[in-house]
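# Analysis of the macromolecular model
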Amino acid sequence: QQKVQQSPESLTVSEGAMASLNCTFSDGTSNNFRWYRQHSAKGLEVLVSIFSDGEKEEGRFTAHLNRANLHVSLHIREPQPSDSAVYLCAVSSNYAQGLTFGLGTRVSVFP
Amino acid sequence: AQTIHQWPVAEIKAVGSPLSLGCTIKGKSSPNLYWYWQATGGTLQQLFYSITVGQVESVVQLNLSASRPKDDQFILSTEKLLLSHSGFYLCAWTGNTEVFFGKGTRLTVV
């Protein structure tokens, strides 16, 4: 069964500094990966979806995928206080069967 | 454009009472549908998924059941709520490469 682990559990960054989040997964056949953001247990906001090794950029959010290392990361460029939220990594190896989520990283951005 | 609607937005229910949460997708035929649940402070866990009308697969056992009575409708229910059922419930559907989530239902069991 797929296991998804995120690190760190929480992250505090200054406004404008780069924020880096990590996600490891256990199923080497995984083929789609997503980063979501969740403000105070509300709905999910998709940030980046990535399906092949390498880098994918969406605005200030960049995901890096290395399937051989079972690792996907998210980098937030020039974070702002409004970026403070819980960031969730989601992985799937069988698209029809849905996503497995990590526990999340709580990001706090201070001015 | 496709839309996903969940109801109710929030619910406060007594232990032992029945529950029915709904999800409707408009603008997409034969979507794959999913129910996810998030306990307070926890991560999202997939509960059920459905690929077609009348067919539902259970992923996690939480004394809940799900049904898909119509192509665009997914229902989550139980006859007797437990305190542990409290949390945030999200419905989702998958498109070609993307997963779309509803805005969720917050359930408090007292």
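Below, the discussion takes up the pattern of salt bridges. Counted according to the given criterion, the structure contains 8 salt bridges over all chains. Between Arg67 of chain A and Asp53 of chain A there is a salt bridge; the shortest N-O distance is 3.6 Å. Within this pair, whereas Arg67 of chain A is found in the loop between strand E7 (61-66) and strand E8 (71-76), its partner Asp53 of chain A is found in the loop between strand E5 (44-50) and strand E6 (54-58), the two being separated by 14 residues in sequence. The class of Arg67 of chain A is partly exposed, set by a relative accessible area of 29%. Notably, a salt bridge pairs Arg68 of chain B with Asp71 of chain B, separated by 3.3 Å at the nearest N-O pair. Of the residues examined, Asp71 of chain B reaches a relative accessible area of 27% and is grouped as partly exposed. Each member of the salt-bridge network shares a partner with another, and the members are Arg37, Glu45, Arg60 and Asp83 of chain A.

So, on to the state of the cysteines. Residues and elements named next belong to chain B. The full count for this structure, using the stated rule, is 2 disulfides over all chains. Cys23 shares a disulfide with Cys91; S-S distance 1.9 Å. Since a negative S-S torsion denotes a left-handed disulfide, the Cys23-Cys91 link at about -70° is left-handed. You can see Cys23 sitting in strand E3 (residues 19-26) and its partner Cys91 sitting in strand E9 (residues 87-94), a full 68 residues away along the chain. Looking at Cys23, the relative accessible area reads 0%, which means it is buried.

Residues and elements named next belong to chain B. With respect to topology, 4 strands assemble into an open sheet ordered E1-E3-E8-E7, the strand pairing being antiparallel. On the outer flanks of this sheet lie strand E1 (3-7) and strand E7 (65-70), each paired with one strand and no other. Taken over all neighbouring pairs, the strand axes of this sheet differ in orientation by 20° on average, direction set aside.

On to unusual backbone geometry. Here Ser7 of chain A and Pro8 of chain A are connected by a cis peptide whose omega angle stands at -10°. Along the chain, Pro8 of chain A turns up in the loop between strand E1 (4-7) and strand E2 (10-14). Residue Pro8 of chain B is bonded to the preceding Trp7 of chain B through a cis peptide linkage, with omega at -10°. Looking at where Pro8 of chain B falls in the secondary structure, it is placed in the loop between E1 and strand E2 (10-13). For Glu78 of chain A, which is not glycine, the phi torsion reads 45° and is therefore positive. If you trace the backbone, Glu78 of chain A turns up in the loop between E8 and strand E9 (85-92). With relative accessibility at 47%, the residue Glu78 of chain A sits in the partly exposed group. The phi torsion at Asn63 of chain B lies on the positive side, around 60°, for a residue other than glycine. Turning to its location among the elements, Asn63 of chain B is positioned in the loop between strand E6 (55-58) and E7.

The rules behind each value
- The numbers attached to residues start from 1 for each chain and follow its sequence in the written order.
- For naming, the first written chain is A and the first written ligand is 1, with later ones following in the order written.
- Per-residue local features of the predicted model are confined to residues with pLDDT of at least 70, and side-chain atom pairs are confined, for both listing and counting, to 80 or more; whole-chain, interface and lining totals are unaffected and use all residues.
- Where side-chain values are given, they derive from all heavy atoms of the structure, hydrogens and water being excluded.
- Counted as salt bridges are all cases of a side-chain nitrogen of Lys or Arg within 4 Å of a carboxyl oxygen of Asp or Glu.
- Helix numbering and strand numbering both begin at the N terminus, where a helix is a DSSP run of H or I of at least 4 residues and a strand a DSSP run of E of at least 2.
- Relative accessible area decides the class of each residue, using a 1.4 Å probe on protein chains only: under 20% of the type maximum gives buried, over 50% gives exposed, and in between gives partly exposed.
- Only a pair of cysteine sulfur atoms within 2.5 Å qualifies as a disulfide here.
- A strand pair is defined by DSSP finding two or more bridges across the two strands.
- Between N-to-C directions, angles span 0 to 180 degrees; the directions come from axes that are lines fitted to C-alpha atoms, helices contributing only their stretch in contact.

So far we have only geometry, and geometry alone does not tell us how the molecule works.
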